[in-house]
Amino acid sequence: MIDRIACVLAVALLATGVDRIHAEIPSTPKSAKGEAFVPQPQLAKIASLGFDSLASDYYWLQAIQLVGGAVEDPSAHGYTIGRLVDIVTQLNPHVGHPYRFAAIWMTGSENDVRFANELLERAIENHPSDWRNYFYKGFNHFYYLAEYPEAADELEAAAGIAGSPAYLKRLVPRLRSQSEGLEVAAAMLSELHRSAPGPAARVEYEKALDEIETERRARMLDDARERFKKRHGRDIEQVEELAVGPKRVLRELPPEIHGWEWMLDNRTGEIVSSYYKARYQVHQHHRPGLFTPSAKTAKTNVREGSEQ
Amino acid sequence: MTTEGREVVRVEGLVKEFRPGLGLRAKRVLDGITFSVQENEIFGLVGPNGAGKTTMLKTLMGLIRPTAGTASILGHDIQESGFRKHVGFLPEVSYFYDYLTGVEFLDFYAKLSGVPRADRPERIATLLGWVGLSHAGDARLRTYSKGMLQRAGIAQALIHDPQIVFLDEPMSGLDPLGRKEIRDLILRLRSDGKTVFMNTHILSDVEMVCDRVAIIVEGKIRYEGQIEHFISSDQQRADVVLANVSAELASTLEERFRAELRDHGQQVEARVPEKIVSDLLRACLEAGAQVLSVTPVRVSLESIFLETVEETTHAREQEGL
Amino acid sequence: MFGRIATIANNTVREAVRNKVLYALVFFAVLLIGVGVLLSTLSYVEQERIIQDVGLSAIRLFSALISIFLGVGLIHKEVDRRTIYTIVTKSVARWEFLIGKYLGLVATVWMQVIVMSVAFLAVSYLTGAPIHAQHFYALLLTAGEVAMLVAIATFFSAFTTPMLASFFTGGFYVVGHLTRDLKQLGSQSDVESVKTAANVLYRLLPDLESFNLTVEALHGLPVTPAEVWFPLLYGLAYISVVLLLGSVVFHFKDFR
Ligand SMILES: Nc1ncnc2c1ncn2[C@@H]1O[C@H](COP(=O)(O)OP(=O)(O)O)[C@@H](O)[C@H]1O
Ligand SMILES: [Mg+2]
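All values derive from a computational prediction rather than experimental measurement. (Residues numbered from 1 in each chain as written. Chains lettered and ligands numbered in written order. Predicted model: local features only at pLDDT ≥ 70, side-chain atom pairs only at ≥ 80, totals over all residues. Heavy atoms only, no water.)

Quick notes on the packing of helix α4 (residues 146–158) of chain B against helix α5 (residues 176–191) of chain B
Residue and element names in this part refer to chain B. Running from N to C, α4 and α5 point in directions that differ by 10 degrees, and their axes come no closer than 12 Å. In this view, α4 runs roughly parallel relative to α5, as classed from their interaxial angle. In this structure, α4 contributes Arg151, Ile154 and Leu158 to the contact, and α5 contributes Gly178, Glu181, Ile182, Leu185 and Leu189. A class-by-class count of the residues in the contact of α4 with α5 yields five nonpolar, one polar and two charged. (Axes fitted to C-alpha atoms, helices over the stretch in contact; angles between N-to-C directions. Helix = DSSP H or I, 4+ residues; strand = E, 2+ residues; numbered from the N terminus. Parallel < 35°, antiparallel > 145°, perpendicular 65-115°, else oblique. Contact = heavy atoms within 4.5 Å. Nonpolar A, V, L, I, M, F, W, Y, C, P; charged D, E, K, R; others polar.)

This is the structure we're talking about:
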């Protein structure tokens, strides 16, 4: 009896040891180690031995883990994500979401965006009647690449497909006329927000929409500032001046959307939100260094995220 | 005692060479074997281990192909397979499907050899009785002992009531009682009109059941003939030990009686055919010699067997020189 | 003849059914189908598709493994353990034995495919994944593919050891899924002999990829009757050739 108990205890002890040691082995997903592990799509196809769809799902889960917390800043891994989604969609071109997943996260550089558009091209080939792929492609052209005619073409194609939202038709002429893009951006982001796959992604779009709303209010303040100059013959020294005194030009200041304040930028003299400390520009490629990490930390990217 | 029946097995000039591998020298295991088996006899193929008995039987069963020569069973060339429904076979090492019960096992073979469905249960029960496995019919072969497996193997060989049965070492793995049961079974087969061909190296079994034997040594048949031949009286001898043998008597013994004499000083040992022993004794007593003992010498199969094997080995050694 | 073949086939099934290893394999396959549900939660989209992908792939993988695992020893084991001695000496022609063993193993593997398919359909149903005709076509062709594999394994098993037979059969399985790529690579080559060689291999080796309707099933893509019946017909013809070859080789074999 005693030796049996001893045996059980010994096994339990050893098993605990095994578990402890096991826990020490790093278990980060392979994809987090960078693109080095990602094989050539051709090779992956041969190595999958007829289990193409299974292999495709394997790489898909790898890609998702990158976004789901395996790395700090997913869009800095845009190229790796692109390579993974490239494999996923070569192994099984009939998948749907991975194409748009790539488009959402491949925003780190112009090359990434163009790579994403190539993947969207493949999506369109395989799903010609899914308006979302045209839409995402159009958005990339418009938002990141400032290529309005191309953006207009894609949106026009999307608008022509049954089931697409009606307002797409209205966006097309605006893009064609190369008019200022705040409302177009707002409309498209609202669409992305509406179709976001979950709360985490929605939060990201809300942030982007907040940014646009802030910009709209800032522009309203700009108008007020012009009126103030006419009325007072001088510029404001503080934003609050717009809504104080008997000769105020605004009854009250529009609230800063985050509950922060409006202030004058020391350098440019522009009215800015103390939250962003800079004015928003729709077509960010006008700003040098858009696709660099510093620009991203200034929250210039639209994100759709996973729920993980 | 065998009536000169028809030949049921005929082997002529059979040669089998095993090629161990590409380029290696072929090994001749059967070297021009010729013999025949008559209907309704018990035929023994006898030889030491490695003589080629199993190889011969496997060739007859179509399991291996002869390199040269021909063989037929019941008038059919062994390359055919249609006549095999009249043939039963017990291999040397019996590996059977051990996941089957005894009854399932026999049913499987009964189906394969075309025993009608209606006859099967009875036939299976009969066979299990014959080989003494009635109590184990519902147990899996996995649980059988070596001897039980051997019995099951014999039952399998007989399930379809074949005209001729080939048994490779049928008594191996059996206890003395088991050997007797199988001997009785083989004798019963003969009285049922069947022919039995058995391989063995156990000579007492041969002496007890076989009608005719062929002795095979190193792939060659050294002897083929009736078993009575060995035990017939003119082959039997006796050793007579004598004392006080005069030189005159000694020469008489050698000349008149063709006795082989061995001088042991005081005593002389004489080996003579059994039927002249009484004459010889009379002559010796008349000549004043003293008879110390008379021992019959059994010139058994064993001695012929040993002689043959020794001769062969001897011949080979001389070749080697 | 049919009676003897059926008897041998029947006994082969019985052996498999009484072999515990198989239950373990099927159990693992069913487990893997279930694991698909877990895996799918890693993805926030197309989860049902991933469940079905893992499920169908598990069925294909395990049925192929079982086919190779059992097929490579199918004939060799009988010769090696000499169980065949008492069979082919009972007016059972060697080709009858080979075909009987083959059919028995195919029936065994098909039974397993059915069990796994039921598990697959149950998991699909419980997770609300769609089930359409393409799933049944895919499963049907999986059954066709394993019949091919068993034939190839049986062929090799008729004259070589399980070790070598599993190398060969495994090789055929791998290459059988690549012949199309091979043909394409060949057609891209400028060297005429490479082209010819690739084409010959494409036509010689089993085109196992034509039995793969997984993607069609997963996405409900249209499947033409020709995509179902021609592979089955092709399989039947290919199996006949392979088994005929196997029978010939087996016929001249010495059982030493
Ligand atoms: N498959 C084989 N390959 C090579 N040699 C063999 C083979 N089978 C048997 N032999 C050789 O043939 C000889 C006869 O064997 P066997 O017929 O089994 O003898 P027996 O049954 O008389 O004891 C032996 O020397 C044995 O080594
Ligand atoms: Mg032997």
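Re the coordination of the magnesium ion (ligand 2)
Each protein donor to the magnesium ion (ligand 2) is listed here as Thr54 of chain B (OG1) and Glu92 of chain B (OE); together their distances run 2.0 to 2.3 Å. One end of the pair, Thr54 of chain B, is in helix α1 (residues 53–60); the other, Glu92 of chain B, is in the loop between β6 (87–90) and α2 (102–112), with 38 residues separating them in the sequence. (Donors = N, O, S within 2.8 Å, 3.2 Å for Na, K, Ca; no water.)

Description of the nonpolar core
In this structure, Leu60, Ile73 and Phe166 of chain B together with Phe97 of chain C are the most contacted members of the largest nonpolar core, which totals 143 residues. For this core, the element with the most residues is helix α7 (residues 133–157) of chain C, which contributes 13 residues. Apart from residues no more than four positions distant in its own chain, Phe97 of chain C is found in contact with Tyr97 of chain B together with Ile8, Ile75, Glu78, Ile84, Ile87, Val88, Val92 and Phe250 of chain C. Grouped together as the second largest cluster of nonpolar side chains are 69 residues, Tyr144, Val172 and Val184 of chain A together with Ile50 of chain C included. (Core = buried A, V, L, I, M, F, W, Y, C linked by side-chain atoms within 4.5 Å. Buried < 20%, exposed > 50% of the residue type's maximum accessible area, 1.4 Å probe, protein only.)

Describing the interface of chain C and chain B
Accessible area lost when the parts come together is the quantity often used to give the size of an interface. At the junction of the two partners, chain C supplies 29 residues and chain B supplies 34 residues. Contact between chain C and chain B buries roughly 2,900 Å² in total, counting both sides, with carbon and sulfur atoms accounting for 54%. Sorting the residues of chain C by area buried against chain B places Arg18, Thr89 and Lys90 of chain C first, and these three jointly supply 23% of that buried surface. At the boundary of chain C and chain B, one finds three salt bridges. On inspection of chain C and its partner chain B, the count reaches 15 residue pairs in polar contact (both at pLDDT 80 or more). Sorting elements by how many residues they give to the side of chain C that touches chain B places helix α1 (residues 2–17) of chain C first, with seven residues. (Buried area = accessible area lost by both parts, 1.4 Å probe. Salt bridge = Lys/Arg side-chain N within 4 Å of Asp/Glu carboxyl O. Polar contact = N/O pair within 3.5 Å; in protein donor to acceptor, adjacent residues only side chain to side chain.)

Description of empty space enclosed by the protein
All names here are of chain A. Summed over all chains, the structure comprises four cavities of 30 Å³ or more. By volume, the second largest cavity amounts to about 50 Å³. Along the walls of the second largest cavity sit Glu211, Thr214, Glu215, Ala218, Trp262, Val272, Ser273, Tyr276, Ala278, Arg279 and Tyr280, which together make up its complete lining. The leading source of residues in the lining of the second largest cavity is helix α11 (residues 199–232), at four residues. (1 Å grid on protein atoms, 1.4 Å probe; cavity = no way out; pocket = protein on both sides within 12 Å on 5 of 7 lines; lining within 4 Å. Points joined across faces, edges and corners; volume = space filled by probe spheres on them.)

Some thoughts on the arrangement of the chains
When the two pairs of chains in contact are ranked by number of contacts, first place goes to chains B and C. With no contact between them, chain A and chain B keep their nearest C-alpha atoms 32 Å apart.

Some details on the interface of chain A and chain C
With 21 residues of chain A at the contact, the number on the chain C side is 26 residues. Buried surface at the junction of chain A and chain C, summed over both partners, amounts to about 2,100 Å²; 65% is from carbon and sulfur atoms. Of all residues in chain A, Leu49, Phe51 and Leu61 of chain A bury the most surface against chain C, accounting for 26% of the area lost on that side. Here Arg49 of chain C ties to Asp57 of chain A by a salt bridge, and the two come within 3.0 Å at their closest N and O atoms. Counting the contacts that link chain A with chain C gives nine residue pairs in polar contact (both at pLDDT 80 or more). Elements with a contribution of two residues or more to the side of chain A that touches chain C: α3 (52–70) and α5 (97–105) of chain A.

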